[in-house]
Structures are given as structure tokens and as C-alpha cells.
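Observations on the model geometry
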Amino acid sequence: MRILFVASEVAPFSKTGGLGDVAGALPSALADRGHEVVVVTPRYGFVDPAAHTLTRLGSTVHARGESAVLLGTRLGNAQVYLLEHERFYGSRSAPYSDEHGSDYPDNAQRFAFLCRAALDVPRATGFEPDVVHLHDWQTALAAWMLRHEHGHQAWARRARTVYTIHNLAYQGIFPKELVPALGLPWDVFRYEAMEFYDQLNMMKAGLVFADAIATVSPSYAREILSPEHGCSLDPVLRHRARHLTGILNGIDDETWDPSRDSHLAATYSRRDISGKARCKAALQRELELPRRREVPLIAMVGRLAEQKGVDLVAAALQQMMGMEVQFVVLGSGQSDYERLFRRAERAWPQRVAVRIGFDEGLAHRIEAGADVFLMPSRFEPCGLNQMYSLRYGTVPVVRAVGGLEDSVEDFDGARNGTGFTFRDYSPAAMMTALQRALETYRDARAWRGIMERGMAEDNSWRNSAEHYERLLEALPSRHAGA
Ligand code: ADP
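This structure is a prediction, so every number in the text was calculated from the model and none was measured.

Bringing the packing of aromatic side chains into the picture now. By the definition in use, this model includes 16 aromatic pairs. When the ring of Phe111 is compared with that of Trp137, the centres are 5.5 Å apart and the planes differ by 85 degrees; the resulting orientation is edge-to-face. Taken together, the residues span a long stretch of sequence, with Phe111 in helix 3 (residues 107-119) and Trp137 in helix 5 (residues 136-149) at a distance of 26 residues. Linked through ring pairs, Tyr44, Phe46, Phe88, Tyr89 and Phe113 together constitute an aromatic cluster. When the ring centre of Phe88 is taken as reference, the NZ or CZ atom of Arg87 above it lies at 4.8 Å. Over the ring of Tyr104 we find Arg92, and its NZ or CZ is 4.8 Å from the ring centre.

This is the structure in C-alpha cells:
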């Protein structure tokens, strides 16, 4: 198959979360299976052309009077085109929001342009896809545009679209006045299309017009059909339930491999785990925590957002600090949560280390150096950190929701399980799971068993890419004449 993959962030060029990881890994995993894959994404201002050996190609794509030059490079066996457009992307220091965390005021225009420019790539390069794979609200409009703006092109009439929901909570909702400004007809502004409580909802374009919808774990695919997790789009999703599939994301097991991770003070593997203790000592030194081997080190890495269950941690913090533990937090996001953790660090300097910001290397060192990885998410479409933790022998304590439920098996007290899970969204339920983990930590044999089972799992993209391939191959064909 020829697959055109459009995403607003693609690691290693850009990443704010799991979408970037997925868009950086799935294309080459599909290409490794023999498909021809082209990825289209913006070149934001912080993407250094020299560092990524980006080559300026002669081709230009156009949309509504705007143009972008294509910069080419490869990600494994996939071809990548980064769109160079100074005003929309080149002048920005982050994909979606400014340094104060406010969304850019022209995000609707910026990503409508991405959709149209990506659909002009076949004309500019000759690459005519069989499948167009779209991701999250930023590229959802392309599902509508392909059907309504490209009817004159045979490839577009034949091409099928898949839309992957990475997080239903971010829908790209804009005032309806933007409908004409984005070059859309008022016809899209109805409930059966992109209207949503009298506003324009870009995600709906993907949910309504894509031939198939995927999301990033089987549990999340079920959960989003309910009002509790459906973010008000559950009626739309229920309508399309037959076309909705959950495919657990994979992890990039080359970047995240404790046996050859260049960020670490020492490497290790399931066969020889001794390096992990050195990673813990190095991490305690780096974080200026007492270097105590026997004290369990609990970690959190991620966006400090309500989704991630930070309020549970806030409510349980006193109780947690009453136990003999160390706690490290790396993340950024909501300022009240940032303040909360900074205060905790001041209150318990011997026990708590907080790093606010985005630091890829430190994220690796935490995964390697910690004993327990805490992810008490309110909801979690897939979650990657718990899978990195499994691979690094860091035992996850997670809420059994979404992809966390699909990737972590609760320890049964004997020989089964890769972590500790809890179901109720409450500080008490979280603390019960954490206490079970800390008790088990004192039983070195049992703990070692949990670590080894987690490290033995294969959560790589090879599995997920096979699932995606089956989904893409099962799409009913469209006839160019239809
Ligand atoms: P989400 O997509 O909801 O943010 P995921 O767990 O799916 O959560 O993916 C988050 C990705 O971003 C992971 O690769 C994680 O390591 C990374 N990440 C998040 N916050 C940070 C941070 N502050 N520093 C480094 N990496 C981070």
C-alpha cells in the first residue's frame, strides 16, 4: 500500500506527547513491512535543518494562496516531507502554544493549511496514496477535504482514509465565524458534519468523514463510547462504532532500550540487571537526593494536566511522604500543579525532587533509575511511559483505565503480573495500590519476578504495525468513478 501519513508532530523533529512518538515510529514500522509511506508534517522554528539533514526539494505545495516548500528527509524506510512556511510554522517556538502556554490564535488556519498542503503533496511529488492516515484534530479536516476538494483527481476518489484518535479531549473547537475564513462552505456547519454546540469542531471531520476510525488502545475504544469518557462526542462515536478499532500503541524499542541507552550512567538488561542500581545512584546524585539504595524511588513523568491524575497525588502527598520513599516528578503543564510540586520539593527536600520542563534525557534516566512508576490517570488513551517503565524494569503503579489497563497486569501476589493497578479514581485506591507495591518491594524475589516479566514483554511497534496493516487492508475499496 501507499500510505500518506499526516501529523502535526513527528519525533524526533517535534513532540509534545504520545502523538509525536507514534508519528515518529509507526510510519517506518509500516515501511518495514513493505509499504510505501510518506509522512507530512510542519517544520517548526525549533527544527534544525542541519541536525536532521533536511534537504530543500524543488517542490512546493499550495493551498488557498499560501505555499510551502518541501524539506525532505527519511525516518527509517519512510519518506518525510516537512512543510516550510515561515508565518505558520517557522516563526513558532512550539507546535501549538506560546511560551506562556496560550494556544496560538491562528491554530485553526495553521492546521487547515497543513491538511490542504498535505493533500497537495501527491500533485507536487507524484506519490499517489491508497490510504491517507490522519491523526487528532489538527489533521482531521483532511478527511473532509479529500472528499470535497479533490473530486477531480482519480487517486483521491480511490484513496481511503483512516483517522486515529490519540486523545479525544482535544477536539480543535473554534468559533463558527472561522468556517468561511478557513475556506469551508456553511454546509459543514450542521450536526451531521462539524457543528458542535454552535461551534466548529475539527475533530468531528475525522469522526464523520474518515472511512475507518482507530484509537490507541482497545479499552479506550470501548470507553469513549460512553458519556463518562466520550467528551460529548460519544453519540457521534456510537454512530460509527462499527468502524472504530482500538490498537495499542507500540514503543520505539531502539530509543527506549536499557541495554544501549546513551542517556544512562550504566546499561542493563533482563539477563544482567546490575546496571540499574548504578542508574538509581546516578539519578539520586543528579537530583540531589540522598544516595540510598534501599529506599524505593517513585517517579512520575508527563504533562501536568488534570488527565494525568495529579489531583490524586496532591491529595495523597502527605500520606506518601509519611512513608520511607523518594519521589521524583518531571513534567510541565498547569501552573497550579507546577506550584504544588515545587512546594512539595521545598517541604521535603530530602525526599522530593521536581524538575519542571521537558527533558528527554532526564526522562530516560528516570525510567532507568526509579523503582516505581506512578500513573494514576483519570483517563489514558494509551500512555507510553508505563510501557517504557516495563521495559526498564521500573514497576508501574497505574489506574486500570484505557491503555494502562491494556498494558499493565496486576500482581497476583505470586507469579503473575507486571505491576499494580487500581480502579476507583480516589486517593485511597491509589494509596492501596502504592502500599501493595512498596510492601512487595521489600520481598526481593517477588519484586525481581515482576521486573523480569515486564522486561520480557514485547510492546514494540512491530505488533502494532501489524494490527494497523490489517485494518488498512480490510478497508473496502472505493472506485475511482464513484
Ligand atoms: P500524552 O501523550 O498524554 O502526553 P504519553 O504517555 O502517551 O502521554 O506520552 C508522553 C510522551 O512524552 C512520553 O514519551 C513521555 O516520556 C514524554 N514526556 C512527557 N512529558 C515529558 C517531559 N517533561 N520531559 C520529557 N519527556 C516527556
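The tally for this structure, following the rule as stated, stands at 2 cavities of 30 Å³ or more. Within this model, the largest cavity holds a volume of roughly 110 Å³. For the largest cavity, the lining is made up of 15 residues, of which Met300, Val301, Gly302, Arg303 and Lys308 are closest to its centre. Of all elements in the fold, only strand 13 (297-304), strand 14 (326-333) and strand 16 (372-375) reach the threshold of two or more residues within the lining of the largest cavity. Residue contributions to the lining of the largest cavity peak at 5 residues, all from strand 13. Split into classes, the residues belonging to the lining of the largest cavity amount to 10 nonpolar, 3 polar and 2 charged. The calculated volume of the second largest cavity comes to roughly 30 Å³. Elements represented by at least two residues in the lining of the second largest cavity include exactly helix 15 (385-391), strand 17 (395-399) and helix 18 (444-456).

Here His150 lies in the loop between helix 5 and helix 6 (154-158). On the basis of relative accessible area, His150 is assigned to the buried category, the value being 10%. Among the polar contacts made by the side chain of His150, one reaches the side chain of Gln153 at a distance of 2.7 Å. Leaving out residues up to four positions away in the same chain, His150 has contacts with Leu119, Met145, Trp155 and Ala156.

The next point concerns the domain arrangement of the chain. Structurally, the chain comprises domain 1 (2-250 + 463-473) and domain 2 (275-457). A straight line from the C-alpha centre of domain 1 to that of domain 2 covers 32 Å. Taken together, the 18 residues of domain 1 in the interface contact 18 residues of domain 2. Taken together, both faces of the contact between domain 1 and domain 2 bury some 1,300 Å²; the carbon and sulfur share is 57%. At the surface where domain 1 touches domain 2, the tally comes to 1 salt bridge. The tally of links between domain 1 and domain 2 comes to 7 residue pairs in polar contact (both at pLDDT 80 or more).

A separate point is the side chain of Thr161. Here Thr161 is to be found in strand 7 (residues 160-165). With residues up to four places along the chain from it excluded, the contact list for Thr161 reads Val132, Leu146, Arg147, Phe209, Ala210, Asp211 and Ala212.

The next subject is helix 18. Its 13 residues give helix 18 an end-to-end C-alpha distance of 18 Å, which sits within 8% of 18 Å, the value for a rise of 1.5 Å per residue. Every buried residue of helix 18 is listed here: Ala446, Trp447, Gly449, Ile450, Met451, Gly454 and Met455. Check the buried side of helix 18 and you find it contacts helix 11 (275-286), strand 16, helix 15, strand 17, strand 18 (420-422) and helix 17 (427-441).

The next thing to look at is the sheet that holds strand 16. Taken in spatial order, the 6 strands line up as 15-14-13-16-17-18 in an open sheet, and their pairing is parallel. Each edge of the open sheet is held by one strand with a lone partner, namely strand 15 (352-356) and strand 18. Shown here is a sheet whose adjacent strand axes are inclined to one another by a mean of 15 degrees, direction ignored. Examined bridge by bridge, strand 16 and strand 17 share 4 bridges and lie parallel to one another. Looking across to strand 17, one finds that Phe373 is bridged to Pro396. Where helix 13 (residues 335-347) meets the sheet, it contacts strand 13, strand 14 and strand 15, and its direction lies at approximately 145 degrees from that of strand 15. Contacts from helix 18 reach strand 16, strand 17 and strand 18, with the element oriented near 75 degrees to strand 17.

Parameters at a glance
- Residues numbered from 1 in each chain as written.
- Predicted model: local features only at pLDDT ≥ 70, side-chain atom pairs only at ≥ 80, totals over all residues.
- Heavy atoms only, no water.
- Phe/Tyr/Trp six-rings, centres within 6.5 Å; stacked < 30°, edge-to-face > 60°.
- Helix = DSSP H or I, 4+ residues; strand = E, 2+ residues; numbered from the N terminus.
- Lys NZ or Arg CZ within 6 Å of the ring centre and 35° of its normal.
- 1 Å grid on protein atoms, 1.4 Å probe; cavity = no way out; pocket = protein on both sides within 12 Å on 5 of 7 lines; lining within 4 Å.
- Points joined across faces, edges and corners; volume = space filled by probe spheres on them.
- Nonpolar A, V, L, I, M, F, W, Y, C, P; charged D, E, K, R; others polar.
- Buried < 20%, exposed > 50% of the residue type's maximum accessible area, 1.4 Å probe, protein only.
- Polar contact = N/O pair within 3.5 Å; in protein donor to acceptor, adjacent residues only side chain to side chain.
- Contact = heavy atoms within 4.5 Å.
- Domains from an automatic or database assignment.
- Buried area = accessible area lost by both parts, 1.4 Å probe.
- Salt bridge = Lys/Arg side-chain N within 4 Å of Asp/Glu carboxyl O.
- Expected span 1.5 Å × (residues − 1).
- Pairing = 2+ DSSP bridges.
- Axes fitted to C-alpha atoms, helices over the stretch in contact; angles between N-to-C directions.

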